[in-house]
Amino acid sequence: MKNFADLGLEPKVLQAITELGFEEATPIQAQSIPIAMSGRDMIGQAQTGTGKTAAFGIPLINKISKDTDKIVALVMTPTRELAIQVAEEIGKLTRFKGIGSLPIYGGQDIGRQIRALKKKPQIIIGTPGRLLDHINRKTIRLDDVETVILDEADEMLDMGFMDDIQSILKLVPEERQTMLFSATMPPNIQKLAQQFLKNPEHVSVVPKQVSAPLIDQAYIEVPERQKFEALCRLIDMESPELAIVFGRTKRRVDELSEALQKRGYSADGLHGDLSQNQRDTVMRKFRDGSIDVLVATDVAARGLDVSGVTHVVNFDLPQDPESYVHRIGRTGRAGKEGTAWSFVTPREIDHLHLIERVTRHRITRKPLPTLAEAIEGKQRIIAERLMETIESGELNEYKGLAIQLLEQYDSVQLLSGAMKMLTGEKRDSEIQLTPEDPIRVKRRYNNSGKPDLRNGRKPSGNYGGFRGGSNGGGRGGYNRDRDNGGRDNGGRGGYNRSSSGGGRSDTSSYRGGGDRKPRTNSGEGRRPSKRDDSYNS
Ligand SMILES: Nc1ncnc2c1ncn2[C@@H]1O[C@H](COP(=O)(O)OP(=O)(O)OP(=O)(O)O)[C@@H](O)[C@H]1O
Ligand SMILES: [Mg+2]
């Protein structure tokens, strides 16, 4: 662990760090900041939730002169919500230095963005599609950009983004500093990085296991048709503070969030077919706790940092082990503990083992929670809520009625009735979920001798993330999602999203059937059951 004060940062940047409540630099921060400050290109890998945003944000802000009115730095993210979130953190870090920053993403009124650009922000944080839009309109010029950062680099360099990234980087001067960050660095990222980086320094604080250490990982073997019941029981048993439930497709997310609402849970869905307004509203509600369960596609898998997420549930297993790592990494952040559950249908057990191999972590098998466990969990919460209400006082206006009722019923009867009401149980509503095909193991992993998400470098030995240091205040009012500007639900136009594209020949996509065939971009929402890979704007 290292003090930020020892890193040679400007006082105004240090002051902002203190204000954020960061006491010590995390390992990725301690190692990246000096390299980034030296001006070298770099690739930074560290587990989810260990402060990569500040690892690139701090040296970036330290470097920028307040006197320029040009765009000198560009941060790219794969989703809109992540662009907003990163801009928010950068905004906090620039607070005392007086540098302007602006998120630029699809779905937001472009006129508003153009007006904001007139205020001459020095840092732009954006999604590729909308950035290109502004570049074409000449409302953004990249001629003076000195630093480029790709957050979620492996995702950004995935085939679906390559063209846009290439077009954007062509417009940035050659003598720039380029930095890539992610929790996962599949080996093939090296080839892609060669195209964009000059002699990069590798910083990897990823130990043997890629997933974050404070996440308790379990799976339940459950047939497709019993998943919903399993989910309800799990939520009842575990009573998460906030939970994210990942579903494979947009349709799945819609159906699942509706079904949960019908059962009386406070849930809502997030995916790329919603309007940006809807996405913003859902994220805002999730952040402020007015919904407890966020049901989402992989749009929410990367980078999102919502404090209070205690549980992640893979209602459907993700296709890629990378996605597993990122999804579960929405919990267990900044030194907090978290729990991740995955539902695995009997035919998907091989896929689960693949995820275990690639992430080098055993996932514990647990039985389906019993009805009794579910009920007990639910009742425990009700009792807690009841006691909290009693502790908080202010019950006087109810006392008269309570006395009257006690004349008719005994106290146990009354209290039981009240608690039953409080559980909000709505068992009788009909639930309809369209079954999903099982996930198949992709060819890239079948024959791969080296299933490893690390980039092949030795881990530094200094793992983990945090000691002390609270996260000073949440980032209010924001939301995030993959940027969806109108691509087909089906994903990145027929690319195998996990093949490197940089010289690999196995673009053959998926083995076997399901909906995982190569496909081309066509109208939005055409096949509602497809995976939500609508990344770009
Ligand atoms: N030095 C620090 N001390 C305390 N908290 C920190 C520190 N650095 C970052 N944090 C907090 O840790 C949380 C996670 O940080 P961040 O979102 O940057 O993680 P990440 O490594 O980018 O994760 P992911 O791989 O999921 O994107 C944030 O809430 C952030 O404010
Ligand atoms: Mg991040």
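Since the model is a prediction, treat every value here as computed from it, not as a measurement.

**Re the confidence of the model for the protein**
On average, the protein scores 84 in pLDDT, and the residues at 70 or more come to 81%. In the predicted structure, residues 458–465 sits below a pLDDT of 50 and forms 21 contacts with residues beyond four places in sequence or in another chain. At the level of chain-chain contacts, confidence expressed as ipTM amounts to 0.99, with global pTM at 0.85.

**Quick look at the UniProt feature "domain: Helicase ATP-binding" (unreviewed entry) in the protein**
The sites that carry the UniProt feature "domain: Helicase ATP-binding" (unreviewed entry) are, in the present numbering, residues 33–203. For residues 33–203, the helix share is 43%, the strand share is 18%, and the end-to-end C-alpha distance is 10 Å.

**A word on the pairing of strand β14 (residues 309–314)**
Regular strands place their side chains on alternate faces of the sheet. Counting buried residues in β14 gives five out of six residues, a clear majority hidden from the surface. Relative to β14, strand β11 (residues 242–246) runs parallel, the two being bridged by five bridges. The partner of I244 across the bridge, within β14, is V312. The pairing of β14 with strand β15 (residues 338–344) spans four bridges and is parallel. Of the residues in β15, the one forming a bridge with V313 is W341. In this view, the connection linking β14 to its parallel neighbour β15 by way of helix α13 (residues 321–328) has right-handed handedness.

**A word on the nonpolar core**
Counting residues in hydrophobic clusters, the biggest one holds 123 residues, and the most contacted among them are V245 and V293. In this structure, this core is formed jointly by two domains, domain 1 (4–205) and domain 2 (208–393 + 429–455), each of which donates at least three residues. When near neighbours in sequence (up to four residues on either side) are disregarded, V293 contacts I235, A243, V245, L260, Y265, S266 and A267.

**Side note on the sheet that holds strand β9 (residues 201–204)**
Ordered in space as β5-β6-β4-β7-β8-β3-β9, the seven strands form an open sheet in which the pairing is parallel. Among the strands making up the open sheet, the edge pair consists of β5 (101–104) and β9. Averaged over all neighbouring strand pairs, the angle between strand axes comes to 15°, with direction disregarded. Pairing analysis gives four bridges linking strand β3 (residues 42–45) to β9, with the strands arranged parallel. Looking at the pairing, M42 lines up with E201 of β9.

**Digging into the environment of D143**
Considering the arrangement of structural elements, one finds D143 in the loop between α6 (128–136) and β7 (147–151). C-beta crowding within 10 Å serves as the criterion here: with 9 such atoms nearby, D143 is assigned to the exposed category. Residues D143 and K336, spaced 193 residues apart in sequence, show a C-alpha to C-alpha distance of 42 Å.

**A closer look at the UniProt feature "short sequence motif: Q motif" (unreviewed entry) in the protein**
The sites that UniProt annotates as "short sequence motif: Q motif" (unreviewed entry) are residues 2–30. Measuring from the first to the last C-alpha atom of residues 2–30 gives 6 Å, for a span that is 48% helix and 14% strand.

**Some details on the sheet that holds β11**
Two orientations exist for strands paired in a sheet by backbone hydrogen bonds: parallel and antiparallel. If you walk across this open sheet you meet the seven strands as β12-β13-β11-β14-β15-β10-β16, and the pairing is parallel. On the outer flanks of this sheet lie β12 (267–270) and β16 (364–365), each paired with one strand and no other. Across four bridges, β12 lies against strand β13 (residues 293–296) in parallel orientation. If you follow G269 over to β13, its bridge partner there is V295. Sitting on the sheet, helix α12 (residues 276–288) is in contact with β11, β12 and β13, with an inclination near 135° to β12.

**Brief notes about the packing of α13 against helix α14 (residues 349–359)**
Contact geometry for α13 and α14: axes closest at 9 Å, N-to-C directions at 75°. In terms of their interaxial angle, α13 and α14 are classed as roughly perpendicular. Listed contacts from α14 to P321, Y324 and V325 of α13 are L354, I355, V358 and T359.

**Section: the domain arrangement of the protein**
Per the domain assignment, the segments of the protein are domain 1 (4–205) and domain 2 (208–393 + 429–455). Using C-alpha coordinates to define each centre, domain 1 is positioned 29 Å away from domain 2. Contacts between the two partners involve 27 residues from domain 1 and, on the opposite side, 23 residues from domain 2. If you list the elements that add at least two residues to the side of domain 1 that touches domain 2, you get β3, α4 (80–93), α7 (153–156), α9 (189–196) and β9. In terms of residue class, the side of domain 1 that touches domain 2 is built from eight nonpolar, 13 polar and six charged.

**Quick notes on helix α2 (residues 27–38)**
Counted at 1.5 Å a residue, the expected span for α2 with its 12 residues is 16 Å, and the 18 Å between its end C-alpha atoms agrees. Every buried residue of α2 is listed here: P27, I28, Q29, A30, Q31, S32, I33 and A36. Elements that come into contact with the buried residues of α2 comprise β1 (2–3), β2 (24–25), β3, α3 (52–63), β8 (177–182) and β9. Two residues or fewer after α2 comes G39, characterised by a positive phi angle close to 95°.

**Remarks on the environment of P200**
Mapped onto the secondary structure, P200 falls in the loop between α9 and β9. Along the backbone, P200 and L180 are 20 residues apart, and their C-alpha atoms lie at a distance of 9.5 Å.

**Re the packing of α3 against α4**
One can describe the packing of α3 onto α4 by two numbers: an axis separation of 10 Å at closest approach and a directional angle of 45°. Classified by the angle between their axes, α3 and α4 sit oblique to one another. Along this stretch, α3 crosses α4, giving a crossing that reads as right-handed. Contacts from T53, A54, G57, I58 and I61 in α3 reach V86, E89, I90 and L93 in α4. In the contact of α3 with α4, the residues fall into six nonpolar, two polar and one charged.

**Quick look at unusual backbone geometry**
A positive phi angle, near 35°, is found at S239, a position not held by glycine. In this fold, S239 is placed in the loop between α10 (227–238) and β11. Positive phi is not limited to glycine here, since E394 has a value of about 55°. Residue position: E394 is located in the loop between α15 (371–391) and α16 (396–408).

About the cut-offs
- Residue positions are given per chain, counting from 1 as you read along its sequence in written order.
- Each chain takes a letter, starting from A, and each ligand takes a number, starting from 1, following the order in which they are written.
- Residues qualify for local features only when their pLDDT is at least 70, as the model is predicted, and side-chain atom pairs are given and counted only at 80 or more; totals for whole chains, interfaces and linings, by contrast, use all residues.
- Confidence of the predictor at the level of single residues is given by pLDDT, which spans 0 to 100.
- Working definition of a contact: two residues with C-beta atoms, positioned from the backbone, lying within 7 Å.
- UniProt positions are given in the numbering used here, feature names are shortened, and annotations may be inferred rather than shown by experiment.
- Numbered from the N terminus, helices here are DSSP runs of H or I no shorter than four residues, and strands are runs of E no shorter than two.
- Exposure criterion: with C-beta atoms placed from backbone coordinates, a residue whose C-beta has 20 or more other C-beta atoms within 10 Å is buried, one with 12 or fewer is exposed, and one in between is partly exposed.
- In short, DSSP must find at least two bridges between two strands for them to pair.
- The path from the first strand over the helix to the second decides the hand: if it runs clockwise while the strands point away from the viewer, the crossover is right-handed.
- Nonpolar cores are identified as sets of buried Ala, Val, Leu, Ile, Met, Phe, Trp, Tyr and Cys residues joined via C-beta atoms within 7 Å.
- Domain borders in the structure are assigned automatically or taken from a domain database.
- Here an angle of 0 to 180 degrees is reported between the N-to-C directions of two axes, which are lines fitted to C-alpha atoms, with helices fitted over the stretch in contact.
- Small angles under 35 degrees read as roughly parallel and large ones over 145 as roughly antiparallel, with 65 to 115 read as roughly perpendicular and the rest as oblique.
- We call Asp, Glu, Lys and Arg charged. Ala, Val, Leu, Ile, Met, Phe, Trp, Tyr, Cys and Pro are nonpolar, and the rest, Gly among them, are polar.
- Expected helix span is given by 1.5 Å per residue-to-residue step, counting one fewer step than there are residues.
- Here a crossing is called left-handed whenever its near helix is offset anticlockwise from the far helix by less than a right angle, and right-handed whenever the offset is clockwise.

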